[in-house]
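Next come the chains, spelled out residue by residue.
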Amino acid sequence: MTEGSNQVVVRVSDGTTMNAYVARPSGAGSGPGIMVLQDAFGVNPSLREIADRYAGIGFVAIAPELFHRRVTGFTADYNDLEAVMPHVRALTVDELIADTRACFDWLTTEGGAKRNQIASVGFCMGGRATFIANSALPLAAGISYYGGGIAPALLDRAGQLHGRHLFFWGGQDKGISPEQQHAVADAVRAAGKRFVSVEFSHANHGFFTAHRHDPDAARESWAIGTAFLEDALRG
């Protein structure tokens, strides 16, 4: 935990409560907010470090525990798919909307973020959750890193996207085919929504976090993503 970071409890509309890691920028005054949405392995040190990085460039960042209805404080080893998949499969679209709405509301109240300057970034499962959040909430922008399960199940939500959306894909990702990547871009394009889609041909699934970290793809995607957010939040 870094200076300006802490744990908070967020109340969700379905009556549940959700623990979340929060990282705040230095200085006073209102500014942008961002949801940092976990992959299947929980709000682990890698994800908290990402939240800290966003705080370092001026965002109030909140990283909620999306498995909170079934387990608290969950993290798992990157090789332990048996431990994580039951929690991933149990999550519903309605639950993810409720959780991200609660984070949106927290950012605009306790977080002090401007309502029209809230974004979301997510990884794998969190990339899917970010796509859902952008379709349900008035986000300024969404960034989905290798969002599994967007195609084909969620393509009908493309027309509901509020903010512009950035998609990152790994060319060596065996779990998300080129056809699925293209289907996402085609659906968002057909809906007339503003988007960017970037494939790193040499990178695997999980290239940004400690999962299968690829320094080049991580560094380049960070540069693209921060420029994308700057433009989106400027309006």
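So, a few notes on the structure that sits alongside this text. (Residues numbered from 1 in each chain as written. Predicted model: local features only at pLDDT ≥ 70, side-chain atom pairs only at ≥ 80, totals over all residues. Heavy atoms only, no water.)

1. Digging into the pairing of strand β4 (residues 60-64)
Step number 1: The buried fraction of β4 is high, at 5 of 5 residues.
Step number 2: Both faces of β4 are covered, namely the face carrying V60, I62 and P64 and the face carrying A61 and A63.
Step number 3: Both strand β2 (residues 17-23) and β4 contribute to a ladder of 4 bridges, which runs antiparallel. Paired with A23 across the two strands is A61, which belongs to β4.
Step number 4: Relative to β4, strand β3 (residues 31-37) runs parallel, the two being bridged by 3 bridges. Paired with I34 across the strands is A61, a residue of β4.
Step number 5: The handedness of the β3 to β4 crossover, carried by helix α1 (residues 45-56), is right-handed. (Buried < 20%, exposed > 50% of the residue type's maximum accessible area, 1.4 Å probe, protein only. Helix = DSSP H or I, 4+ residues; strand = E, 2+ residues; numbered from the N terminus. Pairing = 2+ DSSP bridges. Right-handed = clockwise from strand over helix to strand, strands pointing away.)

2. Notes on unusual backbone geometry
Step number 1: Cis geometry is adopted by the peptide bond preceding P152, which originates at A151 and carries an omega value of 0 degrees.
Step number 2: Tracing the backbone shows P152 in the loop between β6 (141-145) and β7 (164-170).
Step number 3: Phi angles above zero are rare outside glycine, and C124 is one such case at about 55 degrees.
Step number 4: Positionally, C124 belongs in the loop between β5 (113-123) and α4 (125-136).
Step number 5: Of note in this structure, Y146 is not a glycine but carries a positive phi near 35 degrees.
Step number 6: Mapped onto the elements of the fold, Y146 is located in the loop between β6 and β7.

3. Section: the packing of helix α3 (residues 93-108) against α4
Step number 1: Running from N to C, α3 and α4 cross one another at 70 degrees; their axes reach a closest spacing of 9 Å. By the criterion of interaxial angle, the relationship of α3 to α4 is roughly perpendicular. Contact with α3, carried on its side by V93, L96, I97, T100 and R101, involves R128, A129, I132, A133 and A136 of α4 and no other residues of that element.
Step number 2: Grouping the amino acids of the contact of α3 with α4 by side-chain chemistry returns 7 nonpolar, 1 polar and 2 charged. (Axes fitted to C-alpha atoms, helices over the stretch in contact; angles between N-to-C directions. Parallel < 35°, antiparallel > 145°, perpendicular 65-115°, else oblique. Contact = heavy atoms within 4.5 Å. Nonpolar A, V, L, I, M, F, W, Y, C, P; charged D, E, K, R; others polar.)

4. Observations concerning the packing of aromatic side chains
Step number 1: On inspection of all chains with the given rule, the structure shows 16 aromatic pairs.
Step number 2: Considering the side-chain rings of Y145 and F168, the 4.7 Å spacing of their centres and the 45 degrees angle between planes classify their relative orientation as tilted. With a gap of 23 residues between them, Y145 in strand β6 and F168 in strand β7 connect regions that are remote in the sequence. Taken as a pair, Y145 and F168 share a single burial class, namely buried. (Phe/Tyr/Trp six-rings, centres within 6.5 Å; stacked < 30°, edge-to-face > 60°.)

5. Examining the environment of A51
Step number 1: With respect to the helices and strands, A51 occurs in helix α1.
Step number 2: Given a relative accessible area of 0%, A51 falls into the buried group.
Step number 3: Sequence separation of A51 and A61 is 10 residues, and the distance between their C-alpha atoms is 5.5 Å.
Step number 4: With residues up to four places along the chain from it excluded, the contact list for A51 reads Y21, A23, V36 and A61.

Any functional reading would require information that these geometric values do not contain.
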